[in-house]
Structures are given as structure tokens and as C-alpha cells.
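# Survey of secondary and tertiary structure
Listed below are the residues making up each chain.
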Amino acid sequence: MASSLNNYFLCCCLLLWFFSTQSTTAQQSFRPKALVLPVSKDSTTNQYITKIEQRTPLVPIDLVVDLGGQFLWVDCDQKYVSTTYRPARCRSALCSLAGASGCGDCFSSPKPGCNNNTCGVIPDNSVTGTATSGELATDVVTVNSTNGSNPGPKVTVPRFLFSCAPTFLLQGLASGVVGMAGLGRTRIGLPSQFASAFSFHRKFAICLASSATGVIFFGDGPYNFLPNIQYTSQSLTYTPLFINPVSTASAFSQGEPSAEYFIGVTSIRIDDKTVPLNATLLSIDNKGNGGTKISTVKPYTVMESSIFTAFTEAYINAAKARNITRVASVAPFDVCFSSKNVFGTRLGAAVPTISLVLQNQNVSWSIFGANSMVQVSDDVLCLGFVNGGSNPRTSIVIGGYQLDNNLLQFDLATSRLGFSSLLFGRRTTCANFNFTSIA
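Residues numbered from 1 in each chain as written. Predicted model: local features only at pLDDT ≥ 70, side-chain atom pairs only at ≥ 80, totals over all residues. Heavy atoms only, no water.

For the chain, an unreviewed UniProt entry supplies the name Peptidase A1 domain-containing protein and the organism Erythroxylum novogranatense. According to its UniProt record, the chain has this under Sequence similarities (unreviewed entry): "Belongs to the peptidase A1 family." Per UniProt, the chain has the following entry under Subcellular location (unreviewed entry): "Secreted, Extracellular space". (UniProt positions renumbered as here; feature names shortened; annotations may be inferred.)

Next up, the structure:
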């Protein structure tokens, strides 16, 4: 216990030391209460793409958003030019902050991603499940502040920690991106670094849009959307976030916890009828298997096969009770329906409602037609859930399609998730943040 407390206080001291050195002209004259990034959905890959400015001189770069990613990583092999790039020296405080223990040399001329006597981390392409070694470094990052309604003045973190990665790690990512933006619960994830640099709450919120520009907020609300719709802490429903004690990254060190966000789904209801399933799969076991996590890199919710079978059987029966006719499957979906008897509503197709029951029967995440049905043709709707096989690492992975147009706030300090339900219910969408700058 004493050793754990000493490690905790050491990490706190390192954080305070590192971010106390983050000073810029922008911060001296203006200290933001929150930051904002745009996020769009790539139509080819269904990946979510955001944009930041990095380096000196500043370069706008596109990144795939990885909700559970450990940190920012960028391809440094191609066209990485910056006068402010600094590798993290072996056994430095920066290496300790990042949890990097190994040291290495590079057997070529010095350049970003290749320097002697530096420490490394493991950048992870969570889309393909590929990981490799990468040099830990700092460089300038610039983003927009926000008042919750519009983008405000740009602010800069002059020594933002990230990892270089080789070009091959980009395989499987959307065209034009140069890396991944990790929002995971680590000391060097984007939420922690931004919160520490500007001394605001360790909270962030995502609001993903299905076919337009959504938004990511760093810091507390209120979060405002057109036409004059405001979300505050009182607007959200809350559920605990759980830490999986075993890492779910593609490569990791023994004893390392997961950086991803897990919630406690205890049962599933369809049109208020409980789905019969093996509830033990909904808990995380001592090997880190099972449970439910939220992901921006999975395009659709993935379920362990026995859960998927029970869930789809119950859904088919509920649809049949509404005179909705099942039709042939359309890959990657197993369960599809004719749209003939399905009417449209403000919340999407009028189909059975899915409820993920959380800490008790009174707290649930409702999934309506807009987040459950995928229109694959004029005449066919498919249930946007896929079979994850018999032995997946995580029993349920809530994917991007089920997140679209839902506001989710992740509070790292209190370890809880706030969620809004579908924004269509208040006649707005995640695309309705006003990106017209006030600065």
C-alpha cells in the first residue's frame, strides 16, 4: 500500500512539474475554460476524423479519433518538419509520466522519431490491432478554445507529449490521416494533457454526427447546440465508469490497466422485455475478459456470439409483433427487415426500442431507430449490430453507429459517464454546434 501511495504522489508531482512549464503568450493573456475540436465521419471507413495544428511552423493534421487510445501518435517518417520537436530523453521525468521504462538508440542520422538515448512507448492502431515501438517526444499543439457555443481564440500547449510512429502503422486508417488521437484514461491522453495544461476539469465530451461535422469538447459544459439547446450536468443521466485491470491494447506491459472506457451493463431489454442471456459475460473477470466498453473505432456494436444470438432472436420476435417482415441478410449484418411497414419518427425508424440496463432498472441507455437501423437500400433496413464470435476479449463493444447524435461526457476525476440519449428528442443534432468562430 505504501509503495502504491508513493507511486501515486510521484505521478502527481510529475504532472504538476511538467505542466507548470507549459506557458505561452496565448495563456498569459487568456486562459480557456474549455477547448473544442471538430469531428467528421469518413464515409469509406466509418472512422471519425478530427483536426489539430501541430509543430513549428504549425501544420493542420488529420487524426482518427480513438476514444480508448492511450495517447496521440503521428507518422514521423513522412514530412515531419518542426523546429520545436524534442525527443524525451532516457530516464527523464517525461518518460516516467508516460510510463515508458525502456531506452533506445537509433542507428541513422537524428530526425523526428529517430534519436539516441531516448525512451519509447507503444503506439497502437486499434483499427487493425497493430502496435509497434515509437519514440516519445514533445511538440507544439494548437487548438480552439470555446465558450460552449462557438470556437474562441486559439490556445497552445508548447510541449505536448506524443509518440512518433512509422508509416506502416497508418494501414487501415482513412485516407489523408497521419495518426490517431487517443482520448483514453492515461496521464498523457489528450483529455489529461489539456486539462493539466489549462487547469480545467478532467472532463471531455463527444458528440458524433452521422453525416456532418460533430464536436469534441475538453473541459466542463454547458454544451450548446443550435437552435438554442443547452446541455448541462443536470441534462445528463450518469453511470459509473469502470477500469479494466488488464490492458485491452494490442500490446502492453504486464500489470498495465486498460485505458478504455467500460460501463456496467447488467441486462438488455427490447420493448421492455428482458433478453435471456448469460449475465456472467457482462462482468469483467480477473483476466480482464468480458464487460462492456465504448469504442469509436468499431463502426457498429459488436456482441459475443451467445449474447448476439439471444439479442437478435428477441429483436426479431419484437419486430414480428409490430408486423415488420424479416428479409435476407446484407453483410456485415445478420438481421435485416423490409422497410415496407416501418414508419419514420423523430427518433428514426419506428422499430423496437433497445435498452441497455445499467446500475439499476431505473437507469438505462435507450437506443432508438436512428441508432439501431441501418438503411442499406430503399427497401431494406438492417439491425446495426454484429456477431463478435465466441471468445472476444470484451463481451459488448458499443460502436460508433450507436453513438451518433448522442452527447457523452466522460468525467475522469469522478469516473462516471454522463449521457443524453438521442439528441433528436430535443430537435437538435451533434452537427448543430456552431463552428462559426467568435474570435
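Next comes the rest of the account.
## Thoughts on the packing of aromatic side chains
Within this structure, the stated rule accounts for 21 aromatic pairs. Taken together, a centroid distance of 6.1 Å and an interplanar angle of 80° make the contact between Y85 and F162 edge-to-face. You can see Y85 sitting in the loop between strand 4 (73-75) and strand 5 (86-87) and its partner F162 sitting in strand 11 (residues 151-165), a full 77 residues away along the chain. Judged on exposure class, the residue Y85 and its partner F162 are both buried. Seen in terms of ring centroids, Y315 and F337 are 6.0 Å apart; in terms of plane orientation they differ by 50°. Their pairing is tilted. Of this pair, Y315 sits in helix 5 (residues 305-321) while F337 is found in strand 24 (residues 336-338), placing the two residues 22 residues apart along the sequence. Taking the relative accessible area as the measure of exposure, F337 reaches 2% and is therefore buried. A cation over an aromatic ring shows up here: R416 above the ring of Y238, its NZ or CZ 3.7 Å from the ring centre. If you follow R426 out to its NZ or CZ, it ends over the ring of Y231, 4.6 Å from the centre. (Phe/Tyr/Trp six-rings, centres within 6.5 Å; stacked < 30°, edge-to-face > 60°. Helix = DSSP H or I, 4+ residues; strand = E, 2+ residues; numbered from the N terminus. Buried < 20%, exposed > 50% of the residue type's maximum accessible area, 1.4 Å probe, protein only. Lys NZ or Arg CZ within 6 Å of the ring centre and 35° of its normal.)

## Notes on the side chain of N125
Its place among the elements puts N125 in strand 8 (residues 124-125). N125 gets classed as buried once you look at its relative accessible area, which sits at 0%. Within the structure, N125 has its side chain in polar contact with the backbone oxygen of L169 (distance 2.7 Å). Only 3.0 Å separates the side chain of N125 from the backbone oxygen of Q171, close enough to count as a polar contact. Those residues within four positions of N125 in sequence are excluded, and the remaining contacts are W73, T130, L169, L170, Q171, L173, M180 and S250. (Polar contact = N/O pair within 3.5 Å; in protein donor to acceptor, adjacent residues only side chain to side chain. Contact = heavy atoms within 4.5 Å.)

## What to know about the pattern of salt bridges
Counted according to the given criterion, the structure contains seven salt bridges. Residue K41 is joined to D404 by a salt bridge in which the shortest nitrogen-to-oxygen separation is 2.8 Å. Highlighted residues: K41 in strand 1 (residues 34-41) and D404 in the loop between helix 7 (400-403) and strand 33 (406-411), separated in sequence by 363 residues. A single burial state applies to K41 and to D404, both of which are buried. (Salt bridge = Lys/Arg side-chain N within 4 Å of Asp/Glu carboxyl O.)

## Section: the nonpolar core
Side chains of a nonpolar character, in soluble globular proteins, are inclined to be buried together. Within the largest apolar cluster, 76 residues are counted, with the highest numbers of intra-cluster contacts made by F194, F218, I268, I294, W365 and F410. Listed in part, the 23 residues of the second largest apolar core include V64, V121, L161 and L170. (Core = buried A, V, L, I, M, F, W, Y, C linked by side-chain atoms within 4.5 Å.)

## So, helix 5
Spanning 17 residues, helix 5 covers 24 Å between terminal C-alpha atoms, matching the ideal 24 Å at 1.5 Å per step. If you check which residues of helix 5 are buried, you get S305, I307, F308, A310, F311, T312, Y315, A318 and A319. Once helix 5 finishes, N323 follows within two positions and takes phi at roughly 65°, a positive value. (Expected span 1.5 Å × (residues − 1).)

## Details of the state of the cysteines
Taken as a whole and judged by the stated rule, the model has six disulfides. Through a disulfide, C207 is tied to C430; the S-S separation comes to 2.0 Å. On the sign convention where negative is left-handed, the bridge of C207 and C430, at about -75° about the S-S bond, is left-handed. With C207 in strand 13 (residues 203-207) and C430 in the segment after strand 34 (416-422), this residue pair connects regions lying 223 residues apart in the sequence. For the pair shown, C207 and C430 are each scored as buried. Each sulfur in the disulfide pair C336 and C382 lies 2.0 Å from the other. As the torsion about the S-S bond is roughly 95°, the C336-C382 disulfide counts as right-handed. Taken as a pair, C336 in strand 24 and C382 in strand 30 (residues 380-383) lie far apart in primary sequence, 46 residues in all. When sorted by exposure, C336 lands in the same class as C382, which is buried. When the bonded cysteines of the chain are numbered from the N-terminus onward, they pair as 1-8, 2-4, 3-7, 5-6, 9-12, 10-11. (Disulfide = S-S within 2.5 Å.)

## Brief notes about the sheet that holds strand 23 (residues 326-327)
If you trace the four strands from one edge of the open sheet to the other, you get 23-24-30-29, paired in antiparallel fashion. The open sheet has two free edges, formed respectively by strand 23 and strand 29 (373-375), since each of these has just one partner strand. (Pairing = 2+ DSSP bridges.)

## Here we look at the environment of T325
By the secondary structure assignment, T325 is in the loop between helix 5 and strand 23. In sequence terms T325 and G389 are 64 residues apart; their C-alpha atoms lie 26 Å from each other. For T325, the contacting residues outside a window of four places in its chain are C336, F337, S338 and N341.

## Structural notes on the sheet that holds strand 20 (residues 273-274)
Reading across the sheet, the four strands line up as 20-19-27-28 and stay open at both edges, with antiparallel pairing between neighbours. In this open sheet, the two strands that pair with only one neighbour each are strand 20 and strand 28 (364-367). Sheet topology note: the strand 27 (residues 354-357)/strand 28 ladder contains four bridges and is antiparallel. The residue bridging I354 from the neighbouring strand is I367, located in strand 28. Running at roughly 20° to strand 19 (residues 267-270), helix 5 makes contact with strand 19 and strand 27 of the sheet. (Axes fitted to C-alpha atoms, helices over the stretch in contact; angles between N-to-C directions.)

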